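A look at the structure
Take a look at the letters that make up each chain.
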Amino acid sequence: MIALGDRFARTLPELSVAWQAQAAADPALLLLNEPLAAELGLAPDWLRSDAGLRFLTGTALPDGAAPVAQAYAGHQFGGLVPRLGDGRALLLGELPDGRDLHLKGSGRTPFARGGDGLAAVGPMLREYVISEAMHALGIPTTRALAVVATGVTVHRETPLPGAVLARVASSHLRVGSFQYAALTGDGNLLRRLADYAIERHHPDAAAADNPYLALLQAVIRAQATLIAGWMSVGFIHGVMNTDNMTISGESIDYGPCAFMEAYDPATVFSSIDSGGRYAYGNQPAVAAWNLARFAETLLPLIDPDVDAAIEIATAALDAFKDSYQHAFQARMSAKLGIAQEDPELVDDLLALLEQQRADFTSFFRSLSAGTVPDGFGDWARRWRALGPDIAAMDRVNPLYIPRNHLVEAALTAATAGDLDPVRALVAAVREPYTPRPGLQHYAEPAPEAFASGYRTFCGT
Ligand code: AMP
Ligand code: MG
């Protein structure tokens, strides 16, 4: 069996509680990520065996594994919750390649508060589908290794089949981990956490004059790059609380997330986001806000003089805007197949897309196919004058994304026991750029009647 390290648990014992997964009554494999398993050196045949399913549900782990529930705090919709933590999740340990293996839906932990510690099949498959799509789109993300049905019934508005997601991540350190450590008032703990984060994710920061400032700067850059990736494909996370923002710069916790179809910065799908805090167009500003909360936790490490620390951190945070713009413009230039950045051309395009309510994904493939939609003629002439590289465009603009109506249909079918639609959807979005026969419906927006009323619900 593969070895699982316990480095996080040993290095930062104040940030976790040793805990065991709840046994699955009747485990059955729903989806297994064979390419990821191969990357990790895990044999698919073994993962499919009884022992493999016990491993994937956390009930039979290799010797030396020390599963823990991680503690973290977080700003949820702007309000600080000092103690959140893994209420229904466990860090099983570190894989030989250094990444975390983690479970979601594995039973109540001391952080469960009122929750049942469980997860339903639908939301766990949604995380699998969306994270595979993000990975294929070249956007940093945690990965789903498997979804295993537990045979346990989960009670939501209706009784639903339960499942456990096994997930792989660079780490599960979040802005909320730093908030939790800062709130303990233990400066030594905070420093150990920062050192651990530097070593694991941003090792170059260790050699900087001010390693903790360098850590802040590295996280700002990683998040600017990440959010630019989201914006370039119309991804809306839906619940960008500080406990859902990683230090590594990977996307994490796919709850009420969805892809925007008709371009509109005000697009919100999540039923709990009535104020539109996490609307598509707000995501860069929210990331900057979350990074300010991260910076606050680091102040005592950046400089013992608090005024000096604030000045230094503020200057670092000011760089987010440029970092983000640079990353976003690079993505947009690639989407438009143009060698040089042209922010004005991009702005004018976004204004037109909004005005025409154009589908944000298929528009770019129409453009490369030479079928410029009505209303874009003048803009397209300016674009063509730049000599766009059409073949390069088709290598970065996806044909197939997880369309909301198809995701919902696939999850509904899977909940009722039919896994074919979700398997087909995963196969389509894993290779998003290459047209294949029979996949046209994955390339088309939802019928208007579906799109206008579409709401997503938190992954509970
Ligand atoms: P999330 O919205 O998945 O990022 O979760 C926010 C917080 O709620 C985290 O602390 C979770 O561990 C916790 N949580 C969510 N659902 C449940 C549940 N069913 N049981 C226990 N804790 C939960
Ligand atoms: Mg979360």
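Residues numbered from 1 in each chain as written. Chains lettered and ligands numbered in written order. Predicted model: local features only at pLDDT ≥ 70, side-chain atom pairs only at ≥ 80, totals over all residues. Heavy atoms only, no water.

Looking now at the coordination of the magnesium ion (ligand 2). Each donor-metal-donor angle in an ideal tetrahedron of four donors is 109.5 degrees, and each such angle in an ideal octahedron of six donors is either 90 or 180 degrees. Coordination of the magnesium ion (ligand 2) by the protein comes from Asn244 (OD1) and Asp253 (OD), over a distance range of 1.9 to 2.2 Å. On the basis of relative accessibility, which here comes to 14%, the residue aspartate 253 falls in the buried class. (Donors = N, O, S within 2.8 Å, 3.2 Å for Na, K, Ca; no water. Buried < 20%, exposed > 50% of the residue type's maximum accessible area, 1.4 Å probe, protein only.)

So, about the UniProt feature "binding site: Mg(2+)" (unreviewed entry) in the protein chain. Here the UniProt-annotated "binding site: Mg(2+)" (unreviewed entry) positions come out as Asn244 and Asp253. With respect to the element layout, asparagine 244 can be found in the loop between β10 (235–236) and β11 (258–259). Those residues within four positions of asparagine 244 in sequence are excluded, and the remaining contacts are Arg174, His237, Val239, Ile252 and Asp253. Side-chain polar atoms of asparagine 244 contact the backbone oxygen of valine 239, separated by 3.0 Å. Within the element layout of this structure, aspartate 253 appears in the loop between β10 and β11. Contacts of aspartate 253, omitting those with residues within four sequence positions, involve Lys104, Glu127, Arg167, Arg174, His237 and Asn244. (UniProt positions renumbered as here; feature names shortened; annotations may be inferred. Helix = DSSP H or I, 4+ residues; strand = E, 2+ residues; numbered from the N terminus. Contact = heavy atoms within 4.5 Å. Polar contact = N/O pair within 3.5 Å; in protein donor to acceptor, adjacent residues only side chain to side chain.)

Moving on to the site of ligand 1. As a structural note, the neighbourhood of ligand 1 is formed by 17 residues, with Gly85, Gly87, Asp116, Gly117 and Asn244 the closest of them. The backbone of leucine 118 places a nitrogen or oxygen atom 3.4 Å from a nitrogen atom of ligand 1. Within the side chain of aspartate 253, a nitrogen or oxygen atom sits 3.3 Å from an oxygen atom of ligand 1. Burial of ligand 1 by the protein amounts to 86% of the accessible area it has alone, namely 480 Å². In terms of residue class, the shell around ligand 1 is made up of 4 nonpolar, 7 polar and 6 charged. (Near = heavy atom within 4 Å. Areas by Shrake-Rupley, 256 points an atom, 1.4 Å probe, with all protein chains shown as cover. Nonpolar A, V, L, I, M, F, W, Y, C, P; charged D, E, K, R; others polar.)

In this section: the packing of helix α7 (residues 187–201) against helix α9 (residues 283–302). At a minimum axis separation of 10 Å, α7 and α9 run at an interaxial angle of 105°. Here α9 runs roughly perpendicular to α7, going by the angle between their axes. Taken together, the residues of α9 that come into contact with α7 (itself represented by Leu190, Arg191 and Ala194) are Thr297, Pro300 and Leu301. (Axes fitted to C-alpha atoms, helices over the stretch in contact; angles between N-to-C directions. Parallel < 35°, antiparallel > 145°, perpendicular 65-115°, else oblique.)

Using the criterion set out here, one finds 19 aromatic pairs in the structure. Consider the rings of phenylalanine 8 and tyrosine 196, whose centres lie 5.9 Å apart with planes at 65°: the pair is edge-to-face. Pair noted here: phenylalanine 8 is in helix α1 (residues 7–11) and tyrosine 196 is in helix α7, with a separation of 188 residues, a long-range link. Tyrosine 196 matches phenylalanine 8 in its accessibility class, with the two residues each being buried. Relative to phenylalanine 376, the ring of phenylalanine 363 has its centre 4.8 Å away and its plane inclined at 45°; by these criteria the two rings are tilted. (Phe/Tyr/Trp six-rings, centres within 6.5 Å; stacked < 30°, edge-to-face > 60°.)

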